Every structure is written in C-alpha cells, then in structure tokens.
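# Structural overview
Each chain is listed here by its residues.
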Amino acid sequence: MSNEPLEAAASSAFEESALALSSGTVEAEMRVLTLLSPWRSMENNLNLSPKDESLPRPTSTSDFLDHDENLYQPGDVHCIGLLIRDAPVLHAEDEEEELLPSEPPSVSYVELDAEQEAGFIDLGMDEAGCTDLPEAMLWSEEEAYQQQVLQFGTSACGPTAVLNVLRGLGLQHEFDRQHVIDAIPVSLRAESAPVPEYLFSRSCAGTTAEQLLDGIYRLTSGRVRGRFFPFFPRRRVHLAHWLAHWIQRGAVPLALLNLQRAVAPGWHIPDAWHHQMVHGVSARGIHLTNPLELVPPALLMEQLSSPSLLLVRREDVLKRWSPDVDLTPLATAHDPRWPQLNVLGQVVNVLRESFSPKQCGYKPFTSSHVRIPAAYHAGMTLYALKGTEVLREVLRAPELPLVDEKSGSVNCVRS
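Residues numbered from 1 in each chain as written. Predicted model: local features only at pLDDT ≥ 70, side-chain atom pairs only at ≥ 80, totals over all residues. Heavy atoms only, no water.

### Re the overall build of the protein
For the protein, the helix and strand inventory stands at 14 helices and 13 strands. Counting over 415 residues, the protein shows a buried share of 52%. Of the roughly 19,000 Å² that the protein leaves accessible, carbon and sulfur atoms contribute 53%. (Helix = DSSP H or I, 4+ residues; strand = E, 2+ residues; numbered from the N terminus. Buried < 20%, exposed > 50% of the residue type's maximum accessible area, 1.4 Å probe, protein only. Areas by Shrake-Rupley, 256 points an atom, 1.4 Å probe, with all protein chains shown as cover.)

### Observations regarding the side chain of T289
Of note, T289 is situated in the loop between β7 (285–288) and β8 (293–295). Non-local contacts of T289, meaning those with residues more than four positions away in its chain, are made with W139, Q148, N164, Q276, M277 and H279. (Contact = heavy atoms within 4.5 Å.)

### Looking at the environment of I269
For I269, the location among the structural elements is in the loop between β5 (252–258) and β6 (273–282). I269 gets classed as partly exposed once you look at its relative accessible area, which sits at 27%. For the pair I269 and L311, spaced 42 residues apart in sequence, the C-alpha separation works out to 8.8 Å. Dropping the residues within four chain positions of it, I269 is found in contact with Q260, V263 and H369.

### Structural notes on helix α7 (residues 195–204)
Of all 10 residues in α7, 7 are buried; the element is thus mostly enclosed. All of the buried residues along α7 are V195, P196, Y198, L199, S201, R202 and S203. On its buried face, α7 is in contact with β9 (309–313), α11 (314–318), α12 (337–340), α13 (343–355) and β10 (369–373). Of the residues trailing α7, G206 is marked for its positive phi of about 90 degrees.

### Examining the packing of aromatic side chains
With the rule as written, the count across this model stands at 5 aromatic pairs. A centroid spacing of 5.8 Å and a plane angle of 75 degrees characterise the contact between F231 and W242, whose relative ring orientation is edge-to-face. Within this pair, whereas F231 is found in the loop between β4 (224–230) and α9 (239–249), its partner W242 is found in helix α9, the two being separated by 11 residues in sequence. An identical accessibility class is assigned to F231 and W242; each is buried. (Phe/Tyr/Trp six-rings, centres within 6.5 Å; stacked < 30°, edge-to-face > 60°.)

### Some points on the pattern of salt bridges
A complete count under the given rule lists 17 salt bridges for this structure. Residue E302 is joined to R234 by a salt bridge in which the shortest nitrogen-to-oxygen separation is 2.8 Å. Taken together, the residues E302 in helix α10 (residues 297–304) and R234 in the loop between β4 and α9 connect sequence positions 68 residues apart. Of the residues examined, R234 reaches a relative accessible area of 12% and is grouped as buried. When the shortest N-O distance is used, the salt bridge between R337 and D335 registers 2.9 Å. Assessed through its relative accessible area of 28%, R337 is described here as partly exposed. Shared partners join several salt bridges into a network, and the residues in it are R189, R202, D271, R313, D316 and K319. (Salt bridge = Lys/Arg side-chain N within 4 Å of Asp/Glu carboxyl O.)

### Some remarks on helix α8 (residues 209–219)
Residues that lie three or four places apart on an α-helix share one face, since the helix turns once every 3.6 residues. Among the residues of α8, those classed as buried are A209, L212, L213, G215, I216 and L219. Looking at the buried positions of α8, the neighbouring elements they touch are α5 (157–168), α6 (177–183), β4, β5, β6 and β11 (379–385). Positive phi appears at S221, one or two residues downstream of α8, with a value of about 55 degrees.

### So, unusual backbone geometry
The omega angle of the peptide bond from F232 to P233 is 0 degrees, so this bond is cis rather than trans. Among the structural elements, P233 can be located in the loop between β4 and α9. In this model, N290 sits at a positive phi of 50 degrees, which is unusual for a non-glycine residue. One can find N290 in the loop between β7 and β8. On the basis of relative accessibility, which here comes to 1%, the residue N290 falls in the buried class. One non-glycine residue, N342, lies in the positive phi region at around 55 degrees. A residue is classified by how much of its surface remains accessible, and N342, at 45% relative accessible area, is partly exposed.

### Points about the nonpolar core
One finds V165, L166, L199, V343, V347, I372 and Y383 to be the most contacted residues of the largest nonpolar core, which totals 53 residues. When neighbours within four sequence positions are excluded, V347 is seen to be in contact with V195, L199, V317, L327, L330 and V370. In terms of nonpolar packing, the next biggest core, distinct from the first, is built from 34 residues, A240, L243, L382 and L400 among them. (Core = buried A, V, L, I, M, F, W, Y, C linked by side-chain atoms within 4.5 Å.)

Quick look at the structure:
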C-alpha cells in the first residue's frame, strides 16, 4: 500500500510544527508535541521533511544522540524543543527478568534506614506500574528552556552536563564554558586511525562520571562535591521517588545513560552513551536537559541498568580496514574484556560477511554492530554545595540495593 497519503499528512504536521518552532516560545514547543506525536513511530519509514525547505525540520530524538557531529548550536531554536521518549523495549537478555512480580519479594536489610522507610526501595512494583509519581522541579519547563546549555562540541556531553549542574546549583555567573573545558578534558575518537586504534578510542571517547566528579571538584576548588551511585548490576528502587527526594533536598542529579539500550524496533540505535542533567520529576515523567526531554522512569531505568559495553556500527569498522591493517592488538589488549568479548572475532566476522562472494538466492546474516568494552559506568551522580546538609546526607546514604536475580529479593549493600 502506498505511503503517499500518510506522507502528505505527516509533512503537513511537520510544516506546521516548524512554523510553530520559529516563534521560539514554550507554548509553541507544546504545540509541536501535539502535532508530531502521532508520527513519531513512523518517522523512519516516511518522508517527513517540511515542504518549505527554509523552515527548520523538527528533530527526532535519535538526531540528538549521534556525537559524530557538533549537533547543538546556541540559538538554534529547532534544537531546543522538548522531546518525549517512548516506553522501553527490553533486550533479549532481559526477556526473562520479571519486571512486575505477582507478589513482593522477600526483603533483607542490614538495617532499615530513613531512606528505605521513605519508600525508595521497590518492593515489587516496577516504575511502569507506579501511578503516584511525585513532583520536584529544579527548573520549570520554561526555565529549563532558557537556562540549559546545549552541547558545544564533539563528545562534549560531559562538560555540557557540568555547566548545567553548575547552573542548577546557582553558580552560572562564576563559571563559563571555557573554565569547564579547561578543567575537564574530553577524549576524542581517533577517526582517521585503523580499526584497532579506532575501537580503542571509541571505548573511552568523551568522559566518565568519575572524570566529571574530579573535574567539577577541581574547577570549584571543592565548593561542589558529588557522589556516584551505580545502577548496574540492576538496583531495585523507585527511580522517580528517589530522584524527587534528592531534588527536594537541594541536590542536582546527573545521569550517565547507555542510550543503546531499550531502543524500539526499527528505530536508529544511538552511537554513544550520554550525560544528562535531571532538572525535575513530574507526574508525566523525568525531565532531562541537552536535549530537553521527558522520559518515562521505566525507560530511564533500562538505560541506567547497563553493563559497560558499547555497540560500534559495522560501517564504522569497514571504512577503517584495509588489507595491511594488523588486527592482533584487539586480542592482546591489556583490558581482559577485549578477548573475553572476542572483539577480534567479531571484526573478522564483519569483514567476512562483507567481502565473501555472494551466492545467488542466498542472503547471509550480517552483523549490524561490533560490541566492545566501554570505560563508562551507568548510574546517577548527585551534586551539592560544600557545607550543606544535603551533601552530608548524600555522602552518608547507603548504596542502592541490588536485585537478587535468583530469588527476587533485595539485598542492601552498604559502602
């Protein structure tokens, strides 16, 4: 069946939304959400460009996630719109995980502390089943529209997030972009290197949560401190309630997400992990910056509960290979995860799939990505000002309890 009627209707919606975006108001942003929401799931299969090519095309979520280009330019109105992410799609390895147990699992604590009594520990109901989401906002949506810093460089989502954290703590007039760039160096991709060096650079491109913690401490001479809470292995916690509690206390959360998880079928798999400051929690979901997004707690939890792995597109491997490239460093890397993941074998398999003679009537399976170790650890960092009660609470708080995959019980792990 022809897609022409759908394309015409979708293009009309995009054209009207582009006109709305050009006015640059928050009300226009809300209008865009209404216009585009019916078409988001079909975007990959339709030609959705506005008829008037002079108008900015509203950008899909996936366009914000590829860090190959400098995607965010201050003043680009069409890059600042609030996006609503879809609900999560579980990966094959998660299919047997019971997200909504029929009855609460048993709970074993070292001791019941104030946080657990406050109801942050999930005793059986997943975020997707939690209907009484709290509300706690560092910024309103309009304030976030005006206050947030958009990404200003390749692989620079970490320094960008630090600038947003400083603004969230009220220090925007004391530290500018150059201060942050000087304090937090960013590792870049070795774009012109052969396959092994390119993959090694991909595994650590950008910044880790630990590097941001150290950088913001040095930048502010200790005035801003934080603590990283790992979310992998999976933690059993009401994420929205946990975030709302700390925001209400005065902390600023910063998420490190694996955006390659929970991607809907047919959607573009993002090319990187991403740092995003949380500027609020509301009944509609969790509010993020760079870009402004409204994310279901269950989706955010999937991207927080990720092992330290990165998917690299097959085409990025193929265009950096030539017959004289030595691939053996992939098998002799100091990090034992490289041979454990058999990265060398994965690369060889991609090359074999691409260069083997094609047989008539036979379409071989082709790998879309190569899986490599990543330097990043998924989780949430809570930042606060030195000398405040909330910082003392953050530093004293217990680690979030682990989900016991065998019994479904919660084990409280203390640092």
